[in-house]
Amino acid sequence: MLSENTKQIVKATAPILQEKGVEITTRMYARMAEEQPELKALFANTRDGQAERLASAVLAYSQNIDNLDALQASVTAIAIKHVGAEVKPEHYPLVGELLLAAMKDVLGDALDEKTITAWAEAYTFLANVFIDKEKELYKA
Ligand code: HEM
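This text gives an overview of the structure that appears in the document. (Residues numbered from 1 in each chain as written. Predicted model: local features only at pLDDT ≥ 70, side-chain atom pairs only at ≥ 80, totals over all residues. Heavy atoms only, no water.)

**Digging into the site of the ligand**
Moving on, step 1. As a matter of local geometry, the ligand sits amid 20 residues, with Phe43, Thr46, Arg47, Gln50 and His82 nearest to it.
Moving on, step 2. Residue Thr46 places a side-chain N or O atom 2.9 Å away from an oxygen atom belonging to the ligand.
Moving on, step 3. Here an oxygen atom of the ligand sits 3.2 Å away from a polar atom, N or O, in the side chain of Arg47.
Moving on, step 4. Where the shell around the ligand is concerned, the elements lending two or more residues are helix 4 (50–63), helix 5 (72–84), helix 6 (91–107) and helix 7 (113–139). (Near = heavy atom within 4 Å. Polar contact = N/O pair within 3.5 Å; in protein donor to acceptor, adjacent residues only side chain to side chain. Helix = DSSP H or I, 4+ residues; strand = E, 2+ residues; numbered from the N terminus.)

**Brief notes about helix 5**
Moving on, step 1. Under the 1.5 Å per step criterion, the end-to-end length of helix 5 is 18 Å for 13 residues, consistent within 8% with the ideal 18 Å.
Moving on, step 2. Of all the positions in helix 5, only Val75, Ala79 and Val83 are classed as buried. The buried residues of helix 5 occupy one face: seen down the axis, they fall within an arc of 70°. Exposed residues on helix 5 whose side chains face more than 90 degrees from its buried face are Ala73, Ile80, Lys81 and Gly84.
Moving on, step 3. Of the residues one or two after helix 5, Glu86 is the one with positive phi, at around 60°. (Expected span 1.5 Å × (residues − 1). Buried < 20%, exposed > 50% of the residue type's maximum accessible area, 1.4 Å probe, protein only. Arc of directions from axis to C-beta.)

In structure tokens, the structure reads:
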């Protein structure tokens, strides 16, 4: 479970994600291409606008972190895409590192240590939600 403190910190980042989210996810995919080309290869057949779609999912997560039920339909839809692209549990920590690094690149000093820690926890929590959902889908 995420602590109330973590939820509050993540929720408080929504305005900055609204403003800079696409810049962050664009930076993340650029890092991915350079540092984890085998992950970037999974996006070979993805249509344009992936940075926007990821940014909007991250924003929705920060806004609804205290009401995850609101995200269920979109989690399922994304998990179906992930399974189609053969996303695996071991990919999640790698993507988490890239996303946090991209946040630091774009937000710099606006991102303090406690916010980085809260986002790292919140990412791991969401990753596990996807991993569980995708496990079900792979089995089915
Ligand atoms: C918590 C972490 C993640 C979030 C919030 C997330 C979010 C998303 C979103 C919003 C989409 C677009 C779905 C759509 O087209 O409607 C997507 C697609 C995709 N994601 Fe993720 N994702 C996450 C983790 C990962 C990981 C770890 C990988 C592994 C490399 C990955 C690979 C992909 C790929 C390849 C697609 C494109 C699928 C397609 O075009 O059919 N994602 N993801």
